[in-house]
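The primary structure of each chain is shown beneath.
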Amino acid sequence: MQPRLLFLPFAKDYTTLNNNLTHTRILLTDIIVDAIKKRLTFEPTADQEHAIVAIARLVTSEKFCPTLIVNGFAGTGKTSLMRATCDGLQMCGMEMVLMAPTGRAAKVLANTTGRKVQTIHRTIFRQHSSTDSQNFDIGYNNHTHTLFIVDEGSLIGNDMSINNNGPSWGEGRLLSDLIRYVFSADDNRLIIIGDPDQLPPIGQIEAPALSPDYLRDLGLTVGRCWLREVVRQQNEGLIVRNATAIRQEIDSIEGRLPILKGAECGEVEIISGENLMEKIEGAYNTYGTSNTMVVTRSNKQATRISMALRTQVMYVEEVITRGDLLMVMRNNYMWTSKTKDIDFIANGDIVEVVSVGRHISVYDLNFVEASVRLIENGGVDIDCYILTDMLTADMPNFKSSAEIFDNLQKGVEADYGHTSNARKRIEEMRKDVFLNALQARYAYATTCHKAQGGQWKAVFVDASLIGTTETTATTKETLRWLYTAMTRATEKLYVVNYMPNMQKSEDI
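Each value, and the rule that gives it
Positions within a chain are numbered from 1, following the residues in the order the chain's sequence is written. pLDDT decides what is reported in this predicted model: residues at 70 or higher carry local features, side-chain atom pairs at 80 or more are listed and counted, and totals for whole chains, interfaces and linings draw on all residues regardless. Only hydrogens and water are set aside when side-chain values are computed; all heavy atoms of the structure are taken into account. Aromatic rings from Phe, Tyr and Trp, taking only the six-membered ring of Trp, are treated as a pair when their centres fall within 6.5 Å; an angle between ring planes under 30 degrees marks them as stacked, one over 60 as edge-to-face, and anything in between as tilted. A helix here means a DSSP run of H or I that spans at least four residues, while a strand means a run of E at least two residues long, and both kinds are numbered starting from the N terminus. Relative accessibility thresholds used throughout: buried, under 20% of the residue-type maximum; exposed, over 50%; partly exposed, between the two (1.4 Å probe, protein chains only). Within 3.5 Å is the distance limit for a polar contact, defined as a pair of N or O atoms, with the added protein rule that one can donate a hydrogen and the other accept it, and that residues adjacent in sequence qualify only through two side-chain atoms. Here, residues are in contact when the closest pair of their heavy atoms is within 4.5 Å. One bridge is not enough; two strands pair if DSSP finds at least two bridges between them. Each axis is a line fitted through C-alpha atoms, and for a helix only the stretch in contact is used; angles between axes span 0 to 180 degrees, taken between their N-to-C directions. By convention a nonpolar core is built from buried Ala, Val, Leu, Ile, Met, Phe, Trp, Tyr and Cys residues, the set being connected through side-chain atoms within 4.5 Å. Small angles under 35 degrees read as roughly parallel and large ones over 145 as roughly antiparallel, with 65 to 115 read as roughly perpendicular and the rest as oblique. The nonpolar class holds Ala, Val, Leu, Ile, Met, Phe, Trp, Tyr, Cys and Pro. Asp, Glu, Lys and Arg form the charged class, and all remaining residues, Gly among them, are polar. Here a salt bridge means any side-chain nitrogen of Lys or Arg lying within 4 Å of a carboxyl oxygen belonging to Asp or Glu.

Participant: Any details on the packing of aromatic side chains? Residues and values, ideally.
Facilitator: Counting across every chain of the model gives 10 aromatic pairs. Centre to centre, the rings of Trp-335 and Tyr-385 are 5.9 Å apart; their planes meet at 10 degrees, and the pair counts as stacked. Of this pair, Trp-335 sits in the loop between strand E12 (325–328) and strand E13 (350–362) while Tyr-385 sits in strand E15 (residues 380–387), and the two are 50 residues apart along the sequence. Side by side, Trp-335 and Tyr-385 carry an identical accessibility label, which is buried. Both rings, one in Tyr-385 and one in Phe-434, keep their centres 5.6 Å apart while their planes meet at 75 degrees; by these two values the pair is edge-to-face. With Tyr-385 in strand E15 and Phe-434 in the loop between helix H13 (422–429) and strand E16 (440–442), this residue pair connects regions lying 49 residues apart in the sequence.

What follows is the structure, encoded as structure tokens:
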């Protein structure tokens, strides 16, 4: 729908005084620029100044489906700029909706802006009907004359999502569904923020949400601005400086791994795999378990590290215990059905085990009744079943993921085989507590894709295979991986077994 020229509350007064709408738009743009700059606590860089002007022009744009991409590298002031933008536009009476692709990314944006932020899925999708809780349609957008701000655009894909066993979401293309939702209501604007050198969505070479050409092909009027100058100095100075050195090699001819500056002191420390457990224990004592994360190359490696931490650092022998942190691996819609404002537990959400009850064995699988705290949803506690076999899936001497899914599916189908009506059988199965048990893994270590969008005070980056014959250190993908992983840390970065352009044999 074609937006009107101006929609700020005070715009009517200006259009009354000025019949020249172009002149009016220039006046309002200047007012918005001034409002945003007043909310900054520092003098903006040239890049930030340009971005502020671009945002103001977007707000007063008369173009069709006006959209702005804000590309910013680590440490260039994206967070400060967005906080000032939200505060400044609020002063001007602007309505805003803030979103992020994951629960953790939404929490980070909420903490930095002081505003309500939800995931894209929770914002734009609604259940198809009360009897079809597995299918979600694009919801009705009742936000008109509103600026939509979406962070972590590098995570937003647009490949058709195919999941025969899981729910369907809109048309199956998240970026297209997001755009359709935003511009289905009158006079809206869209800002997409992201770092183009971070990892793109799984299976894609580049992030489509950060590509002007891609968005134009979807029918949008697109502008773009860049934040290139690194300005972050306090606390994260060395972290950002070293991450920037990695990033600068991504598009270079050599693509070499640089020597990290300031290592062995301050915010950045290179350690060996032999010292990993000792260093993590120290980080737990200093920063807390929930503020410490290990970023590694694969789910199997993450599980192996998490299991080792539980036994060697936490001295836990039980497969699950009170205080355990778990990362949800599959969207779950059953246990929050009676919880206000929480439609489902999302893939990637981190939960804390509050209590552990009865252990149950069925279908040759193990479950436990438990209460978990939804850390990224206001600390709400819910009662649920947890499929504990999934915590150790694919590890030696434990069941594989394929075996777990096969046992669960066949067992539940056999239990409901007596129901002849297919529709009724499906409806009954969807209410089954075992089929709907929470599927999660330990959240002490994770892959870079799952960590993306999140931040922790202390982060351990597993660089074990980088630079060896098992992986090519000079590829763009590997450098992107390392850059993305390193920028998850806010106070302390440990890089494990990092040896630039050398052969290494150690592995954590």
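Okay, back to it.
Participant: Mind laying out the side chain of Arg-310, listing which residues take part and the relevant values?
Facilitator: Within the secondary structure layout, Arg-310 lies in helix H11 (residues 299–312). By relative accessible area, Arg-310 is classed as buried at 4%. Here the side chain of Arg-310 touches Asp-324 through a polar contact of 2.8 Å, side chain to side chain. If sequence neighbours within four positions are ignored, Arg-310 has contacts with Tyr-315, Val-316, Glu-318, Val-319, Ile-320, Thr-321, Asp-324, Tyr-442 and Tyr-444.

Participant: Hey, could you go over the sheet that holds strand E10 (residues 268–271) for me, with residue numbers and the actual values?
Facilitator: Read across the sheet, 5 strands follow the order E10-E19-E18-E11-E17 without closing on themselves; strand pairing throughout is parallel. Each edge of the open sheet is held by one strand with a lone partner, namely E10 and strand E17 (445–447). Adjacent strand axes in the sheet meet at a mean angle of 25 degrees when their direction is disregarded.

Participant: Just give me the short version of the nonpolar core, but keep the residues and values in it.
Facilitator: Core analysis: the largest hydrophobic core is formed by 86 residues, its most contacted members being Leu-326, Val-372, Ile-386 and Phe-460. Among all residues touching Phe-460, those that are not within four sequence positions of it are Ile-271, Leu-276, Lys-279, Ile-280, Ala-283, Thr-292, Met-293, Val-294, Val-295, Tyr-494 and Val-496. By size, the runner-up hydrophobic cluster in this structure holds 34 residues, among which are Ala-54, Ala-84, Ile-191 and Ile-193.

Participant: Give a description of the packing of helix H10 (residues 276–287) against H11 that names residues and reports values.
Facilitator: Where H10 contacts H11, the axes come no closer than 11 Å and their chain directions differ by 70 degrees. Between H10 and H11, the crossing angle belongs to the class labelled roughly perpendicular. Seen from H10, the contacting residues are Met-277, Ile-280 and Tyr-284; seen from H11, they are Ile-305, Ala-308, Leu-309 and Gln-312. For the contact of H10 with H11, the residue count by class is 6 nonpolar, 1 polar and no charged.

Participant: Any details on the pattern of salt bridges? Residues and values, ideally.
Facilitator: Evaluated as defined, the whole model comprises 19 salt bridges. Two residues, Arg-25 and Glu-62, come together in a salt bridge whose shortest N-O distance is 3.9 Å. With Arg-25 in helix H2 (residues 21–38) and Glu-62 in the loop between helix H3 (46–59) and strand E1 (66–72), this pair connects stretches of sequence that are 37 residues apart. For Arg-25, a relative accessible area of 23% corresponds to the partly exposed category. The partner of Glu-269 in a salt bridge is Lys-492, and the shortest N-O contact between them spans 3.2 Å. Of this pair, Glu-269 sits in strand E10 while Lys-492 sits in strand E19 (residues 489–496), and the two are 223 residues apart along the sequence. The same class applies to Glu-269 as to Lys-492, namely buried. Overlapping salt bridges bring together Arg-39, Asp-87 and Arg-115 as one network.

Participant: Summarise the environment of Ile-179; cite the residues concerned and give the values.
Facilitator: Take Ile-179: it is sitting in helix H7 (residues 174–182). On the accessibility criterion, Ile-179 (8% relative accessible area) is buried. Distance in space between the C-alpha atoms of Ile-179 and Gly-219 is 9.5 Å, their sequence separation being 40 residues. The residues touching Ile-179, leaving out its near neighbours within four places in the chain, are Leu-215, Leu-218 and Leu-220.

Participant: I'd like to hear about helix H9 (residues 237–247), residue by residue, with values.
Facilitator: Within H9, 10 of the 11 residues are buried, leaving the element largely enclosed by the surrounding structure. Every buried residue belonging to H9 is among Gly-237, Leu-238, Ile-239, Val-240, Asn-242, Ala-243, Thr-244, Ala-245, Ile-246 and Arg-247, and all of these are buried. If you follow the buried residues of H9, they end up packed against E10, helix H15 (476–486) and E19.

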